[in-house]
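Structure assessment
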Amino acid sequence: MKIDGVPYRSVWVDPEDGWSVRILDQTRLPWTVEILRLVDEKQVAHAIKSMQVRGAPLIGAVAAYGLALALRRDDSDAALEAVAAMLGRTRPTAINLRWALDRMLRALRPVAPGNRAAAAYAAAADIAEDDVETCRRIGQHGLPLLQAIAARKPGKPINVLTHCNTGWIATVDYGTALSVIYQAHDAGLPVHVWVDETRPRNQGSALTAWELGKHGVPHTVIADNAGGHLMQHGEVDIVLVGTDRVTRQGDVANKIGTYLKALAAHDNGVPFWVALPHSTLDMSVRDGVREIPIEERDAREVLETTGQTWDGRVETVRTAAPGSAGLNPAFDVTPARLVTGLITERGRCDASEAGLLGLYPEFAAAA
Ligand SMILES: CSC[C@H]1O[C@H](OP(=O)(O)O)[C@H](O)[C@@H]1O
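Model, not experiment: these values are computed from the prediction.

1. Digging into the overall build of the protein chain
Within the protein chain, the secondary structure is distributed over twelve helices and 18 strands. Since a compact globule built from 367 residues should have a radius of gyration of about 21 Å, the 20 Å found for the protein chain is in line with a globular shape. Split into buried and exposed, the 367 residues of the protein chain put 54% on the buried side. Of all intrachain contacts in the protein chain linking residues separated by at least 6 positions in sequence, the fraction that spans at least 24 positions is 74%. Summed over its atoms, the accessible surface of the protein chain is roughly 15,000 Å², and 52% of this surface lies on carbon and sulfur atoms. On the protein chain, the mean spot of the 38 positive side-chain charges and the mean spot of the 44 negative ones are 1 Å from each other.

Following this line, the structure appears as structure tokens:
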């Protein structure tokens, strides 16, 4: 996607040296566009843990390049396995991280040491290009949902509520739920987006609002807790969110607060759709509430907040009462029964095993 008319992806190999990895530092957005140069797997691990890069598909792609960086120095069997394991421990919930590293290991184990670095860069590039095309197609398959709403209310805005950030900076390009919104906007549909601020890290008010503003998509930032009220008053036509892991029965792990949004949507008869690439499927797990590991992040993310002062300084301040403890689960799981449907690169389906196997028959054997 573009930033002020200049095309970007969220991760790329530096064209000047041909091996270092470039990323947008998402902890600096929306205040500054800062591009970082990563030169080893430790910097990649830090970038993922600190959420300089974030978003389920993106952390998988960046981890893949992190493995390539490591193999430039040591491409022994021991190094290959150890670095893949280390990167795989950076964040536990998004299955894309494990998916990407498993795909890299399958590609690299058969390659003789001494030749693995070039193969790793090629495999990481394949993962990145796969994500770009996958996310573009997700937008195509979600577009009819918004076109149908537009047909029912000609000349009026299509009000979409979204949670967290599922845009091009959460993937290699295009995004997932936001890919649908971008394609609808670019097709001339009158899309308006209610942007959940998405406490505690404000991926909505800081990142989604920034992305939509740069692309000219009308949007309004709202408190996380306002969505139900808007749904009760007919101000939300559809909820579109992303996900970090979808189970075989269609349960959806996503940013904390998604489950509450789904409950409100269900109670108000508002369609609740989840957009995901194939790399977010975990067909080895059925019961998401019981089986998906939920990342617990530093409580300071809840007790503090970061913003820009009136004179332009970016500062972090404590917002909670001094001495109070905090708890910071970063994700929750929405049971399939609350999900209207799934939007994938292969089409739309019910949030169910039958629905998923209809699009991904290759998973029929695994159970
Ligand atoms: C297409 S991004 C999917 C998913 O990742 C985000 O989590 P985080 O910001 O912690 O990396 C969020 O849950 C998005 O919905």
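2. Here's the deal with the sheet that holds strand β3 (residues 11-13)
Pairing in this open sheet of three strands is antiparallel, and the strands run β3-β4-β5 from one edge to the other. The two strands at the open ends of the sheet, each matched to only one other strand, are β3 and β5 (35-38). Strand-to-strand twist across the sheet, computed as the mean angle between neighbouring axes with direction ignored, equals 25 degrees. Bridging between strand β4 (residues 21-24) and β5 involves four bridges; their strand directions are antiparallel. Residue V21 lies in a different strand from β5, and its bridge partner there is L38. Lying on the sheet, helix α2 (residues 56-73) is in contact with β3, β4 and β5; it crosses β3 at an angle near 25 degrees.

3. Some points on the nonpolar core
Grouped together as the largest cluster of nonpolar side chains are 42 residues, with contacts concentrated most on V11, I23, L38, L67, L87 and M104. Elements with a contribution of two residues or more to this core: β4, β5, α1 (41-49), α2, α3 (77-88), α4 (95-108) and α5 (116-152). Sorting elements by how many residues they give to this core places α2 first, with 13 residues.

4. Some thoughts on the pattern of salt bridges
Enumeration according to the criterion identifies 25 salt bridges in this entry. Where K261 meets D196, a salt bridge forms, and the shortest distance between an N and an O atom there is 3.0 Å. With a gap of 65 residues between them, K261 in helix α9 (residues 258-268) and D196 in strand β7 (residues 191-196) connect regions that are remote in the sequence. R286 serves as the salt-bridge partner of E353, at 2.9 Å between the closest nitrogen and oxygen. In this pair, E353 is assigned in helix α12 (residues 353-359) and R286 in the loop between β13 (281-282) and α10 (288-291), connecting sequence segments 67 residues apart. We classify E353 as partly exposed; its relative accessible area is 25%. The network of salt bridges with shared partners includes R91, R201, E295, R297 and E301.

5. Brief notes about the UniProt feature "active site" (unreviewed entry) in the protein chain
Per the UniProt record, the feature "active site" (unreviewed entry) sits at D244. Relative to the assigned elements, D244 resides in the loop between β9 (238-241) and β10 (245-247). Apart from residues no more than four positions distant in its own chain, D244 is found in contact with A56, T93, A94, I95, N96, A253, N254, K255, T280 and F331.

6. Let's talk about the UniProt feature "binding site: substrate" (unreviewed entry) in the protein chain
This chain's UniProt record puts "binding site: substrate" (unreviewed entry) on R54, G55, A56, R91, Q203, N254 and K255. Of the annotated positions mentioned, R54, G55, A56, R91, Q203, N254 and K255 line the largest cavity. By secondary structure assignment, the location of G55 is in the loop between α1 and α2. Overall, G55 belongs to the buried group, its relative accessible area being 11%. Structurally, K255 can be placed in strand β11 (residues 252-255).

7. Topic: empty space enclosed by the protein
Scanning the entire structure with this criterion turns up three cavities of 30 Å³ or more. Taken together, 26 residues form the lining of the largest cavity, with R54, G55, A56, N165 and D244 sitting closest to its centre. Elements with a minimum of two residues in the lining of the largest cavity: α2 and β11. By residue number, the principal contributor to the lining of the largest cavity is α2, which donates three residues. Of the residues in the lining of the largest cavity, the class split is ten nonpolar, eleven polar and five charged. Two domains each put at least three residues into the lining of the largest cavity: domain 1 (2-130) and domain 2 (141-363). Within this model, the second largest cavity holds a volume of roughly 60 Å³.

8. Observations regarding the layout of surface pockets
Which parts of space are left empty comes out when a probe the size of a water molecule is rolled across the atoms. Taken as a whole, the largest pocket spans an internal volume of roughly 670 Å³. The set of elements that each furnish at least two residues to the lining of the largest pocket consists of α7 (203-215), α11 (300-303) and β14 (304-308). Sort the elements by how many residues they give to the lining of the largest pocket and α7 lands first, with four residues. Partitioning the lining of the largest pocket into residue classes produces seven nonpolar, eight polar and eight charged. Looking at which domains feed residues into the lining of the largest pocket, each of domain 1 (2-130) and domain 2 (141-363) gives three or more.

9. Focus: the packing of aromatic side chains
Scanning the model with the defined rule gives four aromatic pairs in all. On the numbers, 6.4 Å between centres and 55 degrees between planes, the contact of Y65 with Y121 is tilted. Here Y121 lies in helix α5 and Y65 lies in helix α2, a separation of 56 residues in the sequence. Given a relative accessible area of 6%, Y65 falls into the buried group.

Parameters at a glance
Residues numbered from 1 in each chain as written. Predicted model: local features only at pLDDT ≥ 70, side-chain atom pairs only at ≥ 80, totals over all residues. Heavy atoms only, no water. Helix = DSSP H or I, 4+ residues; strand = E, 2+ residues; numbered from the N terminus. Rg over C-alpha atoms; globule rule 2.2 N^0.38 Å. Buried < 20%, exposed > 50% of the residue type's maximum accessible area, 1.4 Å probe, protein only. Contact = heavy atoms within 4.5 Å. Areas by Shrake-Rupley, 256 points an atom, 1.4 Å probe, with all protein chains shown as cover. Lys, Arg positive; Asp, Glu negative; His and termini not counted. Charge placed at Lys NZ, Arg CZ, Asp CG, Glu CD. Pairing = 2+ DSSP bridges. Axes fitted to C-alpha atoms, helices over the stretch in contact; angles between N-to-C directions. Core = buried A, V, L, I, M, F, W, Y, C linked by side-chain atoms within 4.5 Å. Salt bridge = Lys/Arg side-chain N within 4 Å of Asp/Glu carboxyl O. UniProt positions renumbered as here; feature names shortened; annotations may be inferred. 1 Å grid on protein atoms, 1.4 Å probe; cavity = no way out; pocket = protein on both sides within 12 Å on 5 of 7 lines; lining within 4 Å. Points joined across faces, edges and corners; volume = space filled by probe spheres on them. Nonpolar A, V, L, I, M, F, W, Y, C, P; charged D, E, K, R; others polar. Domains from an automatic or database assignment. Phe/Tyr/Trp six-rings, centres within 6.5 Å; stacked < 30°, edge-to-face > 60°.

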